[in-house]
Amino acid sequence: MAVRVLHRRRRPRAGIAVARCAGRSERKRGRRARSGIVPGRRVVSAGGIDFERLAHAGVRRLRAYDPGHDLVALRRRFGAGELVELGSNENPYGPSPRVREAVLAAMGDLHRYPDPLGGDLKRALAATHGVEAARILLGNGSHELLMQFAQVFAAPGADVVASQYGFAVYALAAQAAGADFVAAPAYGREHAMPRGHDLDAIAAAISLTTRLVYLANPNNPTGTWFGADALKPLLARVPDTTLVVVDEAYAEMADAPDYASALPLLAEHPNLIVTRTFSKAYALAGLRIGYAIAHPDLIAVMERVRESFNVNALGLAAAEAALGDVEHLRTTCEANARERAALAAALHERGIVCAPSQTNFLLAEFGADSIALERELVARGAVLRPMAGYGLPDSLRITVGDAAENARLLRILDEVRA
Ligand SMILES: Cc1ncc(COP(=O)(O)O)c(C=O)c1O
């Protein structure tokens, strides 16, 4: 059965009423505090304002996205290059050398706003994917776009469906829009795609009030994937009023014969949206460029809420250059696949089970001691991602590093587990 995450109802708080009843001097103090003018102090109190209550219901029940450890602090503690950073699914090989040239050239124009249309990058993406440029929407990372789809198409009274172990941003997007989030049950641990998306269960969770369905293919954090044979029946079943977002953040890395991108299905399904990113295979996480491909009319609606300069100038130049270096993309993805297989085998030798993955990370089961283990690993300079927030407290997500990083991780792991 699908699990509906309902609004957390709270009794109204007294904060605002109290502020209204305050006497004259208190009102004055309150005004000063609220305006931030507190003589002799830099840290300003909330002055009795209950900001939580001022936020709309969707935001009130939200918890901020958990980005993991404070890496800047950890880098300072361990020294540059001493930390094994395998918690954020970053690409250890770095971007194409062409990116550096493009960024340096773009530096001369930093006093200018970026191209608000992102025309050159859109044309390059259109040529790469064989679609019209009017089908492309650029985002400050695909995260921004995933949030905006819910902002535009979901609202209180609507619901948003995703798989139980789908990417965490989907629930966040739904709740920030004030919609209900419905988690469809995922495959079990013993399935060939452990905890992966069960597209039948997702279809069963969709109702006439479902505005959006988010599918990650391959999925973070499970690493699992699905093919067109699973997606086509789902698309045939959903009502036209339900938009299906297929988040393909790791698509360039997927080469399994039973994996398929949803891009070829766009022409037949105007309610289908595919998102991609330059953060993973193209190694441009720091420049924040993502994009969506969908029907031009849908893109036109989305353009109404897009901040005019949401994609920065260096990012636009870098992404275009990265897209042009097909050889760099190929060697990066090959190295990732090689290291992923080697790391999975090394973990397997140590009795640690990993789910199959078509991404640059492995979901590894460490058992009941995974929370304590993760703390010990960080204390020795190896950063992985705990999975308790996903309801998988026995697992850690390990980004596949390069050969040296993986070897160091295994060494630290062996020390900790000895
Ligand atoms: C499945 C998935 N989608 C989207 C994103 C967001 O990527 P970005 O905002 O960097 O494009 C991530 C990032 O880890 C992800 O794992």
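Calculation criteria
Residues numbered from 1 in each chain as written. Predicted model: local features only at pLDDT ≥ 70, side-chain atom pairs only at ≥ 80, totals over all residues. Helix = DSSP H or I, 4+ residues; strand = E, 2+ residues; numbered from the N terminus. Contact = placed C-beta atoms within 7 Å. Buried ≥ 20, exposed ≤ 12 C-beta atoms within 10 Å, placed from the backbone. Pairing = 2+ DSSP bridges. Axes fitted to C-alpha atoms, helices over the stretch in contact; angles between N-to-C directions. Parallel < 35°, antiparallel > 145°, perpendicular 65-115°, else oblique. Left-handed = near helix turned anticlockwise from the far one by under 90°. Expected span 1.5 Å × (residues − 1). UniProt positions renumbered as here; feature names shortened; annotations may be inferred. Core = buried A, V, L, I, M, F, W, Y, C linked by C-beta atoms within 7 Å. Nonpolar A, V, L, I, M, F, W, Y, C, P; charged D, E, K, R; others polar. Arc of directions from axis to C-beta.

Scanning the protein chain from terminus to terminus reveals 16 helices and 14 strands. Taking the contacts inside the protein chain whose residues are at least 6 apart along the sequence as the reference set, 73% of them involve residues at least 24 apart.

On to the pairing of strand β5 (residues 180-184), then. Side-chain positions along a regular strand alternate between the two faces of the sheet. Counting buried positions along β5 yields five of five residues, so the element is predominantly enclosed. Here β5 shows a buried face lined by D180, V182 and A184 and a second buried face lined by F181 and A183. One ladder, built from five bridges, connects strand β4 (residues 159-163) with β5; its direction is parallel. Within the sheet, the bridge partner assigned to D159 lies in β5 and is D180.

One way to put it is that helix α6 (residues 97-106) packs onto helix α13 (residues 313-324) with a least axis distance of 8 Å and a crossing angle of 150°. When the axis of α6 is compared with that of α13, the two are roughly antiparallel. Relative to α13, α6 is oriented so that their crossing is right-handed. Note on element contacts: α13 touches α6 through A313, L314, A317, A318, E320, A321, A322 and G324, opposite R98, V99, E101, A102, V103, A105 and A106.

If you walk across this open sheet you meet the four strands as β10-β11-β14-β13, and the pairing is antiparallel. A single partner strand is all that each edge strand has here, and the edge strands are β10 (353-354) and β13 (385-386). As paired strands, β13 and strand β14 (residues 395-399) are joined by two bridges and run antiparallel to one another. Paired with P386 across the strands is L396, a residue of β14. Against the sheet, helix α14 (residues 326-349) contacts β10 and β11 (361-365), and its axis sits at roughly 10° relative to β11.

With that settled, consider α13. An α-helical segment advances 3.6 residues per turn. Residues three or four places apart therefore align on the same side. The end-to-end C-alpha distance of α13, which contains twelve residues, comes to 17 Å, matching closely the 16 Å that a straight helix rising 1.5 Å per residue would cover. The buried count for α13 comes to nine of twelve residues, which makes it a mostly enclosed element. Within the span of α13, buried status applies to L314, G315, L316, A317, A318, A319, E320, A321 and A322. Buried residues belonging to α13 abut α6 and α7 (119-129).

The next thing to look at is the UniProt feature "modified residue: N6-(pyridoxal phosphate)lysine" (unreviewed entry) in the protein chain. Taken from the UniProt record, the annotation "modified residue: N6-(pyridoxal phosphate)lysine" (unreviewed entry) applies to K280. Within the secondary structure layout, K280 lies in the loop between β8 (272-277) and β9 (290-293). Each residue touching K280, except ones within four places of it in the same chain, is listed here: N89, N91, A249, Y250, M253 and N360.

What follows covers the nonpolar core. Of all hydrophobic cores here, the largest spans 79 residues; its most connected members are A150 and V160. Element by element, the count of residues in this core is highest for α13, at seven residues. What V160 contacts, discounting residues up to four positions off in sequence, is A150, A154, Y170, A174, A179, F181, V182, R211, L212 and Y214. Within the second largest apolar cluster, 30 residues are counted, among which are A186, Y187, V383 and L384.

Turning next to the packing of helix α8 (residues 142-153) against helix α9 (residues 169-176). When two helices pack together, their arrangement is given by the angle between the helix axes and by the axis-to-axis distance. α9 packs onto α8 with a crossing angle of 40° between their chain directions and a minimal axis gap of 8 Å. Our classification of the angle between α8 and α9 gives oblique. For the element pair α8 and α9, the recorded crossing hand is right-handed. Packed against α8, whose contacting residues are H143, L146, M147, F149 and A150, the element α9 presents V169, Y170, A173, A174 and A176 at the interface. Of the residues in the contact of α8 with α9, the class split is nine nonpolar, one polar and no charged.

Glancing now at the pairing of β14. The buried count for β14 comes to five of five residues, which makes it a mostly enclosed element. Here β14 shows two buried faces, one formed by S395, R397 and T399 and the other by L396 and I398. As judged from the five bridges shared by β11 and β14, these two strands associate in the antiparallel manner. Looking across to β14, one finds that L362 is bridged to I398.

Let us look at helix α15 (residues 370-379). For α15, the complete set of buried residues consists of S370, E374, L377 and V378. With its buried residues spanning 95° around the axis, α15 presents them on a single face. Opposite the buried face of α15, by more than 90 degrees, sit the exposed residues A372, R375 and A379. The elements touched by buried residues of α15 are β12 (382-383), β13, β14 and α16 (403-417). G381 occupies a position one or two residues after α15 and carries a positive phi of about 95°.

A separate point is the environment of T331. By the element assignment, T331 lies in helix α14. Separated by 238 residues in the primary sequence, T331 and Y93 have C-alpha atoms spaced 9.5 Å apart.

Note that the residue after N217, namely P218, is joined by a cis bond; omega there is -5°. A cis amide bond links N220 with the next residue in sequence, P221, at an omega value of 20°. Counting through the fold element by element, P221 comes out in the loop between β6 (210-216) and α11 (228-237). Unlike most non-glycine residues, N89 shows phi in positive territory, near 55°. Relative to the helices and strands, N89 is located in the loop between β2 (84-85) and α6. Even without being glycine, R195 reaches a positive phi, approximately 60°. By secondary structure assignment, the location of R195 is in the loop between β5 and α10 (199-205).

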